[in-house]
Amino acid sequence: MEYSHIKGLTDEEVQESIALHGKNSLPPPEIETFWDKLVDNLQDPLVRILSLALFVTVILSFAGYADWVEALGIATAVLIATVVSTYSEYKNESSFQKQQEEASKVLSNVYRNGKLSKILVGDVVVGDHVLLQVGDKIPADGHLITGELEVNQSPINGEPLPVLKTKSDENFVIPEVTKFNDHNTCFRGSLVESGEAILVVDRVGGQTEYGKTNEELASGDNVRKSPLQVKLANLADGISYLGYMGAIFVSISFLFKQFVMDQGYSWDNFIIYISNWQIALQDAITSLILSIILIVVAVPEGLPMMIAIVLSLNMRKLLGANVLVRKLLGIETSGGMNILFSDKTGTLTKGILEGQLFITHHKTYSKFSEIPVRMRNLLSFCLKASSFSAINPDGTVIGGNASERAFLSFLDRESLIKPCRVRRNAKILFSSSLKFAGVDVTCLLYTSPSPRDRQKSRMP
């Protein structure tokens, strides 16, 4: 490493920075409780129709026009549909939040107490010196004090072209107005595509541009409905329309029969019938009750319950295959997919490169200790001399790109901590465009003095 002169902050300075500027953690997203999800599921169009039908059925049961068994059946259907879906979503949401917490534990290379250490991004503070190399995500907003980088800022401004970031002046002050094309300011969330540099952190947490964008997205309302929600809403509207039209038709037909047909289409009989207002009122109430019963009967009370149970079973089946579905209705959406594109690195694998084999022209070695001594020493020298990673006294490898760390992980601890006496004359850092890295080194050989030289050194 070429930055041995950088000491970074001490533990006391870190605490002072936290007290003054806060930590680098972003505000956690608002998590729905079980009761919040239950209330939200009760807003389902079909469940609302069922709830209205339940209310009407209970009233009719008190009046003696309906059976209590029907009210109990509707209540059971509503309870099962809402509780099953709510419990499934809440359970998977809890699992998702735990996985998100684990995934957010990204490490950065930061100089603290005179040495390079790996710390969580959330523990980065203002004033920290961060080592940035190819493949690293910038943990906070800041400026460069040495080196230069090409960074991809698409996560924060959507621009795919890399932007050059260079060393800033000693009296540099990060501007209040955001300028993403500023060559001295680096922004959190950007990805380093090429180069190597030291970043001094100026803003952390919600004060960064990434934090401000994240807060705006969290405060926005996501009103987009799934295909199943759209279909169920249309079905509920259709049921309501047909139910109301049928109820009106039945009510009018019943009243026409009672008021006209049963009176023999005679005007005199009609007047006599109306004069007996108690009977006429009872027939009008009966027509209203028939309309309400028709609306209740038109509601498919078993449909929401069936949908909730089927989706919950499919959710549990996918969970058994290590596929986590946060929303119950996402099952129906995923069922409509033909092809799923996924980034394999870090998604279907651990996202960590590891050295597994060393292959020569005549043999393959699965362990570093199996390699012959002379070849082992040569391999160790080549890997360490060409690597830009830092090796701590305990043998831990910090910094460098993922490939360099993978190569060094194949070596044993003794080889890692053994000094590599070389002077680097020129270097080419790894980049996605070059697809390779190179270094020109000069070996520094130390020879022991001969016995004659030792004798001369002892002479007065």
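Preceding block: the structure.
Residues numbered from 1 in each chain as written. Predicted model: local features only at pLDDT ≥ 70, side-chain atom pairs only at ≥ 80, totals over all residues. Heavy atoms only, no water.

Draft legend 1. Structural detail: the overall build of the protein chain. When you go through the protein chain residue by residue, the secondary structure sums to 15 helices and 13 strands. When contacts within the protein chain are restricted to residue pairs at least 6 apart in sequence, long-range pairs at least 24 apart make up 64% of them. With the model as given, the accessible surface of the protein chain reaches about 28,800 Å², and the carbon-plus-sulfur share is 60%. (Helix = DSSP H or I, 4+ residues; strand = E, 2+ residues; numbered from the N terminus. Contact = heavy atoms within 4.5 Å. Areas by Shrake-Rupley, 256 points an atom, 1.4 Å probe, with all protein chains shown as cover.)

Draft legend 2. Local environment of the packing of aromatic side chains. All told, the structure shown has five aromatic pairs when counted by the stated rule. Ring plane angle 50 degrees and centroid distance 6.2 Å describe the contact between Phe259 and Phe270, whose orientation is recorded as tilted. Linking Phe259 in helix 7 (residues 227-259) with Phe270 in helix 8 (residues 267-275), this pair joins segments that are eleven residues apart in sequence. Members of the aromatic cluster, connected to one another through ring pairs, are Phe259, Trp267 and Phe270. Positioned above the aromatic ring of Phe368, the side-chain terminus of Arg376 is 5.8 Å from the ring centre. (Phe/Tyr/Trp six-rings, centres within 6.5 Å; stacked < 30°, edge-to-face > 60°. Lys NZ or Arg CZ within 6 Å of the ring centre and 35° of its normal.)

Draft legend 3. Summary view of the pattern of salt bridges. A full pass over the atoms with the stated rule returns five salt bridges. Of the charged contacts in the structure, one is a salt bridge between Arg112 and Asp128, with a shortest N-O distance of 2.7 Å. With Arg112 in strand 1 (residues 107-112) and Asp128 in the loop between strand 2 (115-120) and strand 3 (129-132), this pair connects stretches of sequence that are 16 residues apart. Considered together, Arg112 and Asp128 belong to a single accessibility category, that of buried residues. Residue Arg203 pairs with Glu209 through a salt bridge whose shortest N-O separation is 3.9 Å. For the pair shown, Arg203 and Glu209 are each scored as buried. (Salt bridge = Lys/Arg side-chain N within 4 Å of Asp/Glu carboxyl O. Buried < 20%, exposed > 50% of the residue type's maximum accessible area, 1.4 Å probe, protein only.)

Draft legend 4. Local environment of the side chain of Thr208. Residue placement: Thr208 occurs in the loop between strand 7 (191-203) and helix 6 (209-219). The buried category is assigned to Thr208, whose relative accessible area is 0%. At 2.7 Å, the side chain of Thr208 forms a polar contact with the backbone oxygen of Gly205. Every residue in contact with Thr208, bar those within four places of it in the chain, is listed here: Ala140, Asp141, Arg188 and Arg203. (Polar contact = N/O pair within 3.5 Å; in protein donor to acceptor, adjacent residues only side chain to side chain.)

Draft legend 5. Region of the structure containing the environment of Trp35. Structurally, the position occupied by Trp35 is in helix 2 (residues 34-41). Spatially, the C-alpha atoms of Trp35 and Thr86 are 8.5 Å apart, while their sequence positions differ by 51 residues.

Draft legend 6. Region of the structure containing unusual backbone geometry. The backbone of Asn113 sits at a positive phi, close to 55 degrees, despite the residue not being glycine. Looking at the secondary structure, you find Asn113 in the loop between strand 1 and strand 2. In this structure, Tyr265 takes a positive phi of about 55 degrees despite not being glycine. Of the residues examined, Tyr265 reaches a relative accessible area of 58% and is grouped as exposed.

Draft legend 7. Structural detail: a nonpolar patch on the surface. Judged by side-chain polarity, Leu52, Phe55, Ile59 and Tyr244 come together as a nonpolar surface patch covering roughly 430 Å² of accessible area. A per-element tally of the nonpolar patch places helix 3 (residues 45-63) first, with three residues. Mapped onto the elements, Leu52 comes out in helix 3. Under the relative-accessibility criterion, Leu52 is labelled partly exposed at 48%. (Patch = residues over 30% accessible without salt bridge, like charges linked within 9 Å, V, L, I, M, F, W, Y side chains within 5 Å.)

Draft legend 8. Expanded view of helix 13 (residues 402-409). Those residues of helix 13 not exposed but buried are Glu404, Ala406 and Leu408. Buried residues along helix 13 sit against helix 12 (373-385), strand 10 (390-391), strand 11 (397-398) and helix 14 (413-417).

Draft legend 9. Representation of the pairing of strand 1 in the model. Of all six residues that make up strand 1, five are buried, and the element is covered over most of its length. As paired elements, strand 1 and strand 2 share six bridges and run antiparallel to each other. Within the sheet, the bridge partner assigned to Asn109 lies in strand 2 and is Lys118. In textbook terms, the turn of a hairpin is the stretch between consecutive antiparallel strands, and for strand 1 and strand 2 this stretch comprises two residues, one of which, Asn113, has a positive phi near 55 degrees. Here strand 1 pairs with strand 3 via three bridges, running antiparallel. By the bridge assignment for strand 3, Asn109 is matched with Leu131. (Pairing = 2+ DSSP bridges.)

Draft legend 10. The pairing of strand 3, seen in detail. Where burial is concerned, the two faces of strand 3 agree: the one with His129 and Leu131 and the one with Val130 and Leu132 are both buried. Relative to strand 7, strand 3 runs antiparallel, the two sharing four bridges. The partner of Leu131 across the bridge, within strand 7, is Ile198.

Draft legend 11. View of the environment of Gly114. Considering the arrangement of structural elements, one finds Gly114 in the loop between strand 1 and strand 2. For the pair Gly114 and Leu9, spaced 105 residues apart in sequence, the C-alpha separation works out to 7.8 Å.

Draft legend 12. Structural view of a negative patch on the surface. Residues Asp11, Glu12, Glu13 and Glu16 make up a contiguous surface patch of negative charge. With respect to the helices and strands, Glu12 occurs in helix 1 (residues 11-21). Owing to a relative accessible area of 55%, Glu12 belongs among the exposed residues under this scheme. (Lys, Arg positive; Asp, Glu negative; His and termini not counted. Charge placed at Lys NZ, Arg CZ, Asp CG, Glu CD.)

Draft legend 13. Expanded view of the nonpolar core. Core analysis: the largest hydrophobic core is formed by 17 residues, its most contacted members being Leu132, Ile138, Leu149 and Leu199. Contributing elements (two or more residues each) for this core: strand 3, strand 4 (141-152) and strand 7. The greatest single-element share of this core, amounting to four residues, is contributed by strand 7. Ignoring any residue separated from it by four or fewer positions in sequence, one finds Leu199 in contact with Asp128, His129, Val130, Leu132, Ile138, Ala140, Gly142, His143, Leu144 and Cys186. Counting eleven residues, the second largest nonpolar core, distinct from the first, contains Phe368, Leu379, Leu411 and Leu416. (Core = buried A, V, L, I, M, F, W, Y, C linked by side-chain atoms within 4.5 Å.)

Draft legend 14. Spotlight on the side chain of Gln263. Secondary-structure assignment places Gln263 in the loop between helix 7 and helix 8. For Gln263, a relative accessible area of 15% puts it in the buried group.

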